[in-house]
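Secondary and tertiary structure notes
Now for the letters of each chain:
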Amino acid sequence: MFCPKCGDEFIPRVKECPDCNVSLIEKVPKTETNSNPEYVELVTVLVTRDMGELMIAKSLLEAEGIYCFAKGEKIQNLFGYGSLGAGYNLLVGPVQLQVADADANDARAILGKS
Ligand SMILES: [Zn+2]
């Protein structure tokens, strides 16, 4: 027997979940699980060629607990390379700063782009 509310399993003679006070059912309740929970839609909130602006934007977002990614034509994840070095000045082309879809509105507000 299973509780339809919390999903706990009980021996057959138990008729009610002691935690939820609901009648038990015979089958496991169907829970809506995301088939791909790791997937997060990314939204570009800033496009810049200015590394300084990019780093400021990143620090502003991270101060608010928003995780962000920088994506450029020739780099997968700028911030994945560790500490900043002089080599970053050699980057050409605009870099996109991206955040999770759920954080996009907050991020734009923080960056003054709303
Ligand atoms: Zn329960």
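Residues numbered from 1 in each chain as written. Predicted model: local features only at pLDDT ≥ 70, side-chain atom pairs only at ≥ 80, totals over all residues. Heavy atoms only, no water.

Quick notes on the coordination of the zinc ion
Definition in use: Atoms of type N, O and S within 2.8 Å of a metal are treated as its donors, and for Na, K and Ca the window is 3.2 Å; water is not considered, so some sites may appear to be missing partners. Think of it this way: with four donors and all angles in the 85 to 135 degree range, the site is tetrahedral; with four or six donors, opposite ones beyond 155 degrees and the rest between 65 and 115, it is square planar or octahedral; otherwise it is irregular. Secondary structure counts use DSSP, requiring at least four H or I residues in a row for a helix and at least two E residues in a row for a strand, with both numbered from the N terminus. Only protein chains enter the accessibility calculation, which uses a 1.4 Å probe. A residue is then buried if its area is under 20% of the maximum for its type, exposed if over 50%, and partly exposed in between.
Each protein donor to the zinc ion is listed here as Cys-3 (SG), Cys-6 (SG), Cys-17 (SG) and Cys-20 (SG); together their distances run 2.2 to 2.3 Å. If you look at the zinc ion, its four donor atoms make angles of 102 to 118° with each other, and the shape they trace is tetrahedral. Donor residues for the zinc ion sit on one chain with the sequence pattern C-x2-C-x10-C-x2-C. Taken together, the residues span a long stretch of sequence, with Cys-3 in the segment before β1 (42-48) and Cys-20 in the segment before β1 at a distance of 17 residues. Judged by its relative accessible area of 18%, Cys-20 falls in the buried class.

Looking at the nonpolar core
Test applied: The set of buried Ala, Val, Leu, Ile, Met, Phe, Trp, Tyr and Cys residues whose side-chain atoms join them within 4.5 Å is what this entry labels a nonpolar core.
One finds Leu-54, Leu-61, Leu-97, Val-99, Ala-107 and Leu-111 to be the most contacted residues of the largest nonpolar core, which totals 16 residues. Elements with a minimum of two residues in this core: β1, α1 (51-63), β2 (68-72), β3 (95-100) and α2 (104-111). In this structure, Met-1, Cys-3, Phe-10 and Cys-17 belong to the second largest nonpolar core, which totals six residues.

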